[in-house]
Amino acid sequence: MSQPINIRKALKSFRYAGVGMYDLFRQENNAKIHLIAAALILIAGIWFEISTIEWCIIVIQIALVWSAEAFNTAIEKLADTVTTDYHPSIKIVKDVAAAGVLILAISAVIVAGFIFLPKVLEYLN
Ligand SMILES: Nc1ncnc2c1ncn2[C@@H]1O[C@H](COP(=O)(O)OP(=O)(O)OP(=O)(O)O)[C@@H](O)[C@H]1O
């Protein structure tokens with residue numbers, strides 16, 4: 001028979017995830033850069049009064065990059081737990097995980113360009 005939903009357990013999981021998010025942005029250099037970039041984009045969004053659909057796209061892009069950074073950090077920590085000695089497989093694991101972040105970061109920059117570049121050009125004219 002299926003188990004009933006355990007609200008207390010779910011709330012505990014939220015708390016652990018919150019601690020993970022705090023650790024991510026407090027300890028990881030790249031995560032701090034992504035946090036500052038997101039803050040600047042949010043300020044630009046308010047300044048240029050972007051539309052609801054543009055806000056949705058920006059929020060999705062920020063979430064994708066942050067999420068990829070979180071998974072990348074988790075993989076790095078796990079790899080370092082396995083060994084801190086040089087290992088060719090660990091190199092591939094870390095490089096590929098970092099590539100996952102880079103792909104989404106590039107996509108975020110392109111999307112930001114599509115949204116903000118016309119507004120910046122119009123503002124400058
Ligand atoms: N144990 C290892 N074996 C082989 N190569 C490694 C190993 N650890 C790190 N590397 C190489 O060094 C690169 C940087 O790894 P590192 O763990 O320092 O990541 P980072 O992105 O600098 O993150 P952080 O500064 O958060 O630790 C990896 O992408 C990989 O190419």
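Residues numbered from 1 in each chain as written. Predicted model: local features only at pLDDT ≥ 70, side-chain atom pairs only at ≥ 80, totals over all residues.

Short version of the rule: UniProt positions are given in the numbering used here, feature names are shortened, and annotations may be inferred rather than shown by experiment.
Where an unreviewed UniProt entry is consulted, the protein appears under the name Undecaprenol kinase, with the organism given as Dyadobacter koreensis. Under Sequence similarities (unreviewed entry), UniProt gives the following word-for-word description of the protein: "Belongs to the bacterial diacylglycerol kinase family."

### A few points about the UniProt feature "binding site: substrate" (unreviewed entry) in the protein
As a reminder, the rule being used: Secondary structure is summarised from DSSP: a helix means a run of H or I of at least four residues, a strand means a run of E of at least two, and numbering begins at the N terminus for each. For every residue, the other C-beta atoms within 10 Å of its own C-beta are counted; 20 or more classify it as buried, 12 or fewer as exposed, and values in between as partly exposed. C-beta atoms are placed from the backbone. The contact criterion used here is simple: two residues whose C-beta atoms, placed from the backbone, lie within 7 Å are in contact.
In the numbering used here, UniProt assigns the feature "binding site: substrate" (unreviewed entry) to E69. Locating E69 in the fold gives a position in helix 3 (residues 52-82). The exposure class of E69 is buried, given the 24 C-beta atoms found within 10 Å. Once residues within four sequence positions are removed from consideration, E69 is found in contact with L24, N30, A31, H34 and V101.

### Let's talk about the site of the ligand
Counted only if it meets this: The C-beta atom of each residue is placed using the backbone, and any residue whose C-beta lies within 6 Å of a molecule or strand is treated as near it.
The ligand sits among E28, N29, E76, T83, T84, Y86, H87, I90, K91, K94, D95 and A98. It is helix 4 (residues 88-124) that contributes the most residues to the shell around the ligand, five residues altogether.

### A few points about the confidence of the model for the protein
Note the cut-off: Confidence of the predictor in every single residue is expressed as pLDDT, which spans 0 to 100.
Scored by pLDDT, the protein has a mean of 96; 99% of the residues are at 70 or more. What the predictor reports for the complex is a pTM of 0.91 with an ipTM of 0.91.

### Structural notes on the environment of K119
Counting through the fold element by element, K119 comes out in helix 4. Take K119: there are 16 C-beta atoms within 10 Å of it, and that puts it in the partly exposed class. With 71 residues separating them in the primary sequence, K119 and F48 have C-alpha atoms 7.0 Å apart.

### Some words on helix 1 (residues 7-27)
Defined as follows: Multiply 1.5 Å by the residue count of a helix minus one, and that product is the helix's expected span.
Between its first and last C-alpha, helix 1 extends 30 Å over 21 residues, near the 30 Å set by a 1.5 Å rise per residue. In terms of residue burial, helix 1 counts as a barely covered element, since only one of its 21 residues are buried.

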